[in-house]
Amino acid sequence: MTSPNPDTVAGEPEPIKAVPLRHPGQWVAAAIIIVLAALFVYGAATNEAYAWGTYGRYLFDQRVMSGVGYTLALTVLSMVIAIVLGVVLAVMRLSPNPVLRGTAWVYLWVFRGTPVYVQLVFWGLFPAIYKKIDLGIPFVHQFAHIDIQTLNAAFLFAVIGLGLNEAAYMAEIVRAGVSSVGEGQVEASVALGMSWSQTMRRTVLPQAMRVIIPPTGNELISMLKTTSLVAAVPLTLDLYGRVRDISGVNFEPIPLLMVASTWYLIVTSILMVGQFYLERYYAKGATRALTARQLKAMAAEDATDAGGAAGGPGAGRTTGGENA
Amino acid sequence: MTSSAATPAAETPMVLADRVCKSFGSVQVLKGISLEVPRGTVTCLIGPSGSGKSTFLRCINHLEVVNAGRLYVDGDLIGYRERNGKLYELSPKDAAAQRRDIGMVFQHFNLFPHRTVLENVIEAPILVKKKSRAEAVERAEYLLDRVGLANRADAYPAQLSGGQQQRVAIARALAMDPKLMLFDEPTSALDPELVGDVLKVMRELAASGMTMMVVTHEMGFAREVADQLVFMDGGVVVEKGDPRELLADPREERTRSFLSKLL
C-alpha cells in the first residue's frame, strides 16, 4: 500500500513493485515447438534410414578427419588470399588514379558476375588452356618455364579459385568499412601532423574494422561451406568429397551426410565464438554504455565518499559531473 | 587604418595572409584575403555562413590548398617552397611538419571515438613527436586538468557531453605544443549551457599568451577576448579593427545589417 498523500512521506519513494506483464503467446508457441521437436527426434531415432550405427562408426573415421583438415586448410588459405587481395582492390577502388580504379572495377565485374562453381571448373581446366608458364621478359628472353600439365595441383587451383572469387566480395566489404569512417577523423589526424599511413593505420582502419569484421566473419563461415564445391576442380580430399567417396562404396549416403553436417556445424560454431570476441574488441567506444572496468572504478569511488546524503544513486554519474 | 595598433610590429606576425584566393571548381570562395595576426593576440572572424571564414581557417593549416596569393605562418610559406621565384609543392612529410605546429579545433570535435580521453591526447605526441609514453601521459594529465577533465581520462568520447568533448579536443591540440591555435566554430554544435565551459578554457588560453584565430558567433567572447575582429562576407574582408569599436559602431552598411540581425 502506498501512502495516499505524498507530502507525508519524506525522503526517498519506495522502489516500484509491479506485477509483471504476462506473455501467454510465448508459452503456447513453446509448447507447440517442443511437441514438434520431440516428434522429429523420435522419428529420427527410430527411422532406420538414418542408420545411426553407421553414423557413429564414421564420425571419427580417419578419412573423415583428414577431410575436415583439408576443408579447414582450403578455408583458411583462400580467405587469406581473399583478404589481402580484397584490401588491395579496395584501396585501388578508392584511389584517385583512374587506371587503378578501372582495373579494380573490371576485376569485380568478372569475379562477382560469374558463379564460383563455373570459376572452379575453369581453374580445373587451366592446365588445358595454358600448357606451360614462361617466366622472363616477354618476347625477349625466358629464364624459367613451368610445365603445368605435369603438375598435380588440384589443391592449389582450388585455393586460387576460391580465393580470387572471394577477393571480389572482400574488396566491397573493406571499401564500405573505410568509407564509413567520417571525413572529420582524417582531417583531425592530418591536422595533428599525422602522415597518410599513420592516419590509415591508427585512425581509419581501427574504426573501419567495426564495420568490416561482422561481414568478414560471415564470409569466412560461408567459405567453409563453399569449399564443398571444389569437386568441380576436381578435388575430393575435402570433407564433403571424402564423405561422398565413402558413401559411394557402402551405399549409405544419409548417415554420411549427417557426419559431414555435424563437422561443418562444429567448425562453424567455433568460428562464431571467435567472431563474437573479435566484434566486442572492435566495438570499443562505440556506445555510451560504461565498460565493466569503469563501473568498478565508479563503485569504488562511491564507496569511499559514501556517508554523505544517502540520496543520489550511482548511475547519476554517467553523464553528470559537467562541472565537477 | 589601425588594424592592430596594440602591439608594435617589431617581429614577423604569426600569420600573414597576402591576397589569398580559393576556388572550389568554378565557385570562388575566397577573393583575396589580406590579414595580419600578431604574435600572442586573438583574432576573431565573424560573418554570415558561406562567407569563407572556415575555408580561410582551413587554408592556414593546408587542409585546403590556396589557388592564389600567399599565406605565411611564423614566416614560413604554407604548402610550398619558393626558390628563384618559382613555387615547388611540399612533400607530404614537409606539409605534415608544418601542420604539427598549428593546432586546430573543429566544430564537431572529431575526437577519435575508439580511444579514451587520455589516448586521444597522447596519440599525436607519441606518434608524430616521438615522445615517450610516460612523458606524453604526464603532459596529457596536466592539460586535462587545465581543461577541467582530469577525472574523465578513462572515459570514451561517446560517454562525454559535447562541452566536455570539445575541451578534450582543445587539450589534444595543445598536446602538440602549437604556436598557433585555430578554432573553427568551437561552440556552434553545443547546447547553450555548455558553451560557457568551453569559452572559459579558451579565455584562459588567450590570457596565457597563445596566438589564436577563432571563427565564432559568440559576440560576447569576441568583444571581451579578441584583439582584432574581422568581419567577412562573400569571400572578402569587409571590415576589421578593434572589436569594441567595430561592434559598437561599424563603418560598413553590410556589417551593420549583419550585427543587427544577430542582436
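None of these values were measured; they are calculated from a predicted model.

Procedures and definitions
One numbering rule holds for all chains: residues counted from 1, following each sequence as written. Chain labels run from A onward and ligand labels from 1 onward, assigned in the order the entries are written. For this predicted model, a pLDDT threshold of at least 70 governs which residues receive local features, and a threshold of 80 or more governs which side-chain atom pairs are given and counted, while totals over whole chains, interfaces and linings are taken from all residues. The basis for the side-chain values is all heavy atoms of the structure; hydrogens and waters are excluded. To qualify as a helix, a DSSP run of H or I must reach at least 4 residues; to qualify as a strand, a run of E must reach at least 2; elements of each kind are numbered from the N terminus. The criterion used for residue contact is that any of the two residues' heavy atoms lie within 4.5 Å. Pairs were defined over the aromatic rings of Phe, Tyr and Trp, the Trp ring being its six-membered one, requiring ring centres within 6.5 Å. Orientation was assigned from the angle between planes: stacked under 30 degrees, edge-to-face over 60, tilted for the rest. Throughout, exposure labels follow a simple rule: accessible area from a 1.4 Å probe, protein chains only, divided by the maximum for the residue type, with under 20% read as buried, over 50% as exposed, and the rest as partly exposed. Cation placement over rings: the criterion is NZ of Lys or CZ of Arg within 6 Å of the ring centroid and within 35° of the ring normal. Computed over the protein atoms alone on a 1 Å grid, cavities are sets of points where a 1.4 Å probe fits but cannot get out and pockets are open sets with protein on both sides within 12 Å along at least five of seven lines; a residue lines them when it has an atom within 4 Å of a point. Grid points are joined across faces, edges and corners, and a volume is the space filled by probe spheres set on the points. Throughout, the ten residues Ala, Val, Leu, Ile, Met, Phe, Trp, Tyr, Cys and Pro are labelled nonpolar, Asp, Glu, Lys and Arg are labelled charged, and all others, Gly among them, are labelled polar. Salt-bridge detection follows one rule: a side-chain nitrogen of Lys or Arg within 4 Å of a carboxyl oxygen of Asp or Glu. Summed over both partners, the accessible area (1.4 Å probe) lost when two parts come together is defined as the buried area. For the purposes of these results, a polar contact is taken to be a pair of N or O atoms within 3.5 Å, where, inside protein, one atom must be able to donate a hydrogen and its partner to accept one; residues adjacent in sequence count only when each atom of the pair is a side-chain atom. Per residue, pLDDT captures the predictor's confidence, and it can take any value from 0 to 100.

K.L.:
Could you give me a rundown of the side chain of Arg 115 of chain B, with the residues and numbers involved?
P.N.:
With respect to the element layout, Arg 115 of chain B can be found in the loop between strand S8 (102–105) and helix H3 (117–127). Apart from the residues within four sequence positions on either side, Arg 115 of chain B is in contact with Arg 202 of chain A together with Asn 120, Glu 123, Tyr 156 and Pro 157 of chain B.

K.L.:
Would you mind going over the packing of aromatic side chains in detail, with residue names and values included?
P.N.:
In this structure the tally under the stated criterion is 13 aromatic pairs over all chains. Considering the side-chain rings of Phe 276 of chain A and Tyr 277 of chain A, the 5.2 Å spacing of their centres and the 80 degrees angle between planes classify their relative orientation as edge-to-face. Taking relative accessible area as the criterion, Phe 276 of chain A reaches 48% and is therefore assigned partly exposed. A connected cluster of aromatic rings, assembled from ring pairs, spans Trp 123, Phe 126, Tyr 130 and Phe 157 of chain A. Across the ring face of Phe 24 of chain B, the terminal group of Lys 22 of chain B is positioned such that the distance to the ring centre comes to 4.9 Å.

K.L.:
Quick one: what's the story with the layout of surface pockets, residue by residue and with numbers?
P.N.:
Its boundaries defined by the atoms lining it, the largest pocket holds a volume of some 1000 Å³. Around the largest pocket, the lining comprises 41 residues; the ones closest to its centre are Val 186, Val 190, Ser 195, Trp 196 and Thr 199 of chain A. Residue contributions to the lining of the largest pocket peak at eight residues, all from helix H2 (residues 92–100) of chain B. Each residue belonging to the lining of the largest pocket can be placed in one class, and the counts come to 24 nonpolar, ten polar and seven charged.

K.L.:
For the pattern of salt bridges, give the residues involved together with the corresponding values.
P.N.:
All names here are of chain B. Under the defined criterion, the tally for this structure stands at 22 salt bridges over all chains. Put simply, Glu 64 and Arg 58 hold a salt bridge, and the shortest N to O gap is 3.0 Å. Like Glu 64, the residue Arg 58 is buried in the burial classification. Taken together, the shared-partner salt bridges in this structure form one network comprising Arg 39, Asp 74, Asp 101 and Lys 179.

K.L.:
An account of the environment of Gly 47 of chain B is requested, with residue identities and associated values reported.
P.N.:
All names here are of chain B. Position of Gly 47 among the secondary structure elements: in the loop between strand S3 (42–46) and helix H1 (53–60). Taking relative accessible area as the criterion, Gly 47 reaches 0% and is therefore assigned buried. In this structure, Gly 47 is in contact with Lys 53, His 217, Phe 231, Met 232 and Phe 258, ignoring residues within four places of it in sequence.

K.L.:
Kindly report on the environment of Ala 45 of chain A, identifying the contributing residues and their values.
P.N.:
Residue and element names in this part refer to chain A. When you line up the elements, Ala 45 lands in helix H1 (residues 24–46). Looking at Ala 45, the relative accessible area reads 54%, which means it is exposed. With 121 residues separating them along the chain, Ala 45 and Glu 166 place their C-alpha atoms 39 Å apart.

K.L.:
Residue-level account of the environment of Val 225 of chain B, with values.
P.N.:
Looking at where Val 225 of chain B falls in the secondary structure, it is placed in helix H7 (residues 219–225). For the pair Val 225 of chain B and Pro 92 of chain B, spaced 133 residues apart in sequence, the C-alpha to C-alpha distance is 35 Å.

K.L.:
Describe the interface of chain A and chain B, and please don't skip the residues or the numbers.
P.N.:
Counting residues at the interface gives 29 residues for chain A, matched by 36 residues for chain B. When chain A packs against chain B, close to 2800 Å² is buried across both sides, 50% of that on carbon and sulfur atoms. Inspection of the region where chain A meets chain B yields two salt bridges. Two residues, Arg 202 of chain A and Glu 123 of chain B, come together in a salt bridge whose shortest N-O distance is 2.9 Å. For the pair chain A and chain B, the interface holds seven residue pairs in polar contact (both at pLDDT 80 or more). Of all the secondary-structure elements, those providing two or more residues to the side of chain A that touches chain B are helix H7 (183–191), helix H8 (196–226) and helix H11 (292–304) of chain A. At seven residues, H7 of chain A tops the list of elements feeding residues into the side of chain A that touches chain B. Looking at side-chain class alone, the side of chain A that touches chain B contains nine nonpolar, 14 polar and six charged residues.

K.L.:
Tell me what's going on with the confidence of the model for chain B, and back it up with residues and numbers.
P.N.:
Reading predicted coordinates in detail is not appropriate for stretches of low pLDDT. Within chain B, residue pLDDT values average 91, and 96% of them lie at 70 or more. For this predicted complex, the interface score ipTM comes out at 0.88, while the overall pTM is 0.74.

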